[in-house]
Amino acid sequence: VAAEAMSGTAAVVHDLALEAYGFGEGHPFNPLRIRLTLELCETLGLLAGYPFVASEPATDEGLTTVHSLTYVRMVQKAGRGEANLWDLMPYGLGTGDNPIFPDMHDACARVVGAVLQACRLIMRGEATHAMCISGGLHHALRTKANGFCVYNDAGVAIARLKEEHPGIRIAYVDTDAHHGDGVQWMFYDDPEVLTVSMHESGRYLFPGTGGIDERGRNGAIGYSINVPLEPFTDDESWISCFEAVVPEVLRAFEPDLILSQNGCDGHALDPLTHLSATTRLYEYIPRRVHELAHELCEGRWVATGGGGYDIWRVVPRAWSALWAAVSHQEPLEKVPEDWLAVRGTESPVKLPLLMRDDPADYPLPEHASEIADRNRRTTEELLGKVLPLIHGSVAP
Amino acid sequence: MLLVKDSMTREVIALSPGTTAAQALALCREERIRHLPILEDGRLVGIASDRDLRSAAPALGDPGRAEALQNLQISDIMTRDVVTARPDDPIEEAANRMREKRIGCLPVVEDGDLVGILTSSDVMEALVQLTGAHEPGSRLVASMPDRPGTLAGAAGIFGVLGINIVSVVAGPRQEPPPGEQGPWRAAIFRIDTIDPTEAIEFLERAGYSVLWPPKP
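Residues numbered from 1 in each chain as written. Chains lettered and ligands numbered in written order. Predicted model: local features only at pLDDT ≥ 70, side-chain atom pairs only at ≥ 80, totals over all residues. Heavy atoms only, no water.

**Details of the overall build of chain A**
Note the cut-off: Every helix listed is a DSSP run of H or I at least four residues long, and every strand listed is a run of E at least two residues long, numbered separately from the N terminus. C-alpha atoms define the radius of gyration, and 2.2 Å times the number of residues to the power 0.38 defines the globule rule. For every residue, the accessible area obtained with a 1.4 Å probe (protein chains only) is divided by the maximum for its type, and the residue is called buried under 20%, exposed over 50%, and partly exposed between those limits. The criterion used for residue contact is that any of the two residues' heavy atoms lie within 4.5 Å. Here the open area of atoms and residues is found with the Shrake-Rupley method and a 1.4 Å probe, where only the protein chains shown may cover a residue. Residues scored as positive are Lys and Arg, those scored as negative are Asp and Glu, and His as well as the terminal groups of each chain are ignored. Working definition for charges: the position is that of NZ of Lys, CZ of Arg, CG of Asp or CD of Glu.
The number of helices and strands found in chain A is twelve helices and seven strands. Relative to a compact globule of 396 residues, whose C-alpha radius of gyration would be 21 Å, chain A shows 20 Å and is just as compact. When the backbone C-alpha atoms are referred to their principal axes, chain A occupies close to 55 × 55 × 40 Å. Relative to its 396 residues, chain A shows a buried fraction of 61%. Contacts spanning at least 24 positions in sequence make up 78% of the contacts within chain A whose residues lie at least 6 apart. When the accessible surface of chain A is split by element, carbon and sulfur atoms take 53% of a total near 14,700 Å². The positive charge centre, built from 31 side chains, and the negative charge centre, built from 55, are 3 Å apart in chain A.

**Side note on the side chain of glutamate 200 of chain A**
Residue and element names in this part refer to chain A. Inclusion rule: One speaks of a salt bridge when a side-chain nitrogen belonging to Lys or Arg is within 4 Å of a carboxyl oxygen belonging to Asp or Glu. Each polar contact in these results corresponds to two N or O atoms within 3.5 Å; when the atoms are within protein, one needs to be able to donate a hydrogen and the other to accept it, and residues that are neighboring in sequence are counted only if both atoms are side-chain atoms.
Residue position: glutamate 200 is located in strand S4 (residues 193-200). No salt bridge is formed by the buried glutamate 200, whose closest oppositely charged neighbour, arginine 203, lies at an N-O distance of 9.3 Å. Of note is the side chain of glutamate 200, whose polar atom sits 2.6 Å from the side chain of histidine 274. Discounting residues that sit within four places of it in the chain, glutamate 200 has contacts with Ala177, Leu205, Leu229, Pro231, Thr273, His274 and Leu275.

**Focus: the interface of chain B and chain A**
Our working definition: By definition, the buried area sums, over both parts, the 1.4 Å-probe accessible area that each loses when the two are put together. In the scheme used here, Gly and all other residues not listed as nonpolar or charged are polar, with Ala, Val, Leu, Ile, Met, Phe, Trp, Tyr, Cys and Pro taken as nonpolar and Asp, Glu, Lys and Arg as charged.
Chain B puts 18 residues into the contact, and the matching count from chain A is 23 residues. Regarding the contact of chain B and chain A, the summed buried area is about 1,500 Å², with carbon and sulfur atoms giving 59% of it. When the buried surface of chain B facing chain A is broken down by residue, Pro136, Asp192 and Ile194 of chain B rank first, second and third, together holding 40% of it. Taken together, the links from chain B to chain A amount to one salt bridge. In this structure, lysine 144 of chain A engages aspartate 192 of chain B in a salt bridge whose closest nitrogen and oxygen atoms are separated by 2.8 Å. Where chain B touches chain A, the interface holds seven residue pairs in polar contact (both at pLDDT 80 or more). For the side of chain B that touches chain A, a count of residues per class yields eight nonpolar, five polar and five charged.

**Details of the packing of aromatic side chains**
Filter applied, for reference: Within 6.5 Å between ring centres, the rings of Phe, Tyr and Trp (the latter by its six-membered ring) count as paired, and their orientation is classed by plane angle as stacked under 30 degrees, edge-to-face over 60, tilted in between. Cation placement over rings: the criterion is NZ of Lys or CZ of Arg within 6 Å of the ring centroid and within 35° of the ring normal.
In this structure the tally under the stated criterion is 15 aromatic pairs over all chains. Centroid distance tryptophan 185 of chain A to tyrosine 188 of chain A: 4.8 Å. Interplanar angle 70°. Geometry classified as edge-to-face. Between tyrosine 223 of chain A and phenylalanine 253 of chain A the ring centres are 6.1 Å apart and the planes differ by 70°, which places this aromatic pair in the edge-to-face class. One end of the pair, tyrosine 223 of chain A, is in the loop between S4 and strand S5 (224-229); the other, phenylalanine 253 of chain A, is in helix H8 (residues 235-253), with 30 residues separating them in the sequence. The class of phenylalanine 253 of chain A is buried, set by a relative accessible area of 0%. Members of the aromatic cluster, joined through ring pairs, are Tyr21, Phe23, Phe29, Phe101, Phe148 and Tyr309 of chain A. The ring of tryptophan 212 of chain B carries the charged tip of arginine 139 of chain B above its face, separated from the ring centre by 5.5 Å.

This is a description of form; function is not addressed.
Spelled out as structure tokens, the structure:
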């Protein structure tokens, strides 16, 4: 695809209210990462000319496309402090991972509404690409909060788009370090939704699922794709696996829109996972997804955030690169001094001075070639199993 | 919970002794099953697997194979001395029987009636349920001295941290880690958290040895 063809307008959906989604001091999921990222983008000049697009919270009707009404009512009660902890826990609420917080229903519904807004902007043709970094809560299940995720923004957005545009084919591409289980299960028997998740193998990491044999069900076998990666997988092997799988399965599927989940918790510094990626990966993936969106679906692409628990050194730089790709801007080289002057003093760790990690700081993991071999065998076995099963849209 | 009746398949496809091997094999293909109990007057009189049927006739490619399969009756091939299970047998006991006898299924009999069949796939399903492998969770293996209170102590740490235990399975006795004495035992936990780091830290500080997830 020629460079000039890969244009189109970009939009960022955000407002301050979205930053209410968080679980309080001391919890790894900290909305400060959103603030840090947007401030960094702004200081880099990447947001000039891109006013934030506002959005409305998702309605109960929207949420119940993929969640049960009982669960939504529970979240509402929890946020009002009206429910007993023992009644909430079966719904995954009030646990160490998903503590209750005031007005949590509203905060969570806003995230869903924002991602839905991003999708609608694209479908109305008001933008070609859109980003909402508060989104990406891919673990939320139909009746349960799971892994820091209360409502499943991608799940609701996909279900709503399917209602509003019957026959639409959506490819969901999830490169968070954790398996995108919630979204996968919501569309496990839907051949109009292709879910692709690349993640650290469930043998080592939550949620434990996402093996290559989870391939979909009933008429949708082949439409759930999982690439479980070995612990300590580095950029090189990650990128090879991405290239081996994602372009081919997307081309076979022929999506009308790509929704990507851009968790950056596969970075070597992330405290919750055991992968060894650097900013190189988080610059590479969105650029490739962008190219594929232009190749396959006239650029229609919505990018969300996701996991990312080194909120100082990793998330702001990784998601600035994401926004640069979404908005056709070149990522800058240096972390701006103005940003460092303010945030560097608050950070508990020394902040990097460059936007890109220096490979010298990230020596190859031990057994890197064995790890790459195992990953390669995984992708070969996977492709052999799924590729023959994926079919594109029926020709008009 | 975890009895044979909780895991067995209740809709059993059974045959009469006069069924031909060809008919029985066709049924295996259509229904995608491998084990066929044989009933006579409602009583279980034998069992045959698709492999028994295939190996009773001349090999594939032999011109006489098709005819042989037509002429063979299942009663000529079936195993008459059937190993069975009862609905209230614990699943682990049934699994052990299958393992010791090297068989792939147990017909389940209650008061002389065939009420179900337990296959190795059903046992696999029970294992998945038992370990919670189909539910979101993090796998954590902690080794501890094999004495009263140690498992409770580990479980208590998860409790204090607000982490629910999806499943716990105690492994066999093992050698203690270097510098420790007496038998140790590992417990395999599946815990409902995306972030086991704090739990691992607490466990190690309390003297448990965390064997999984592996460290760099």
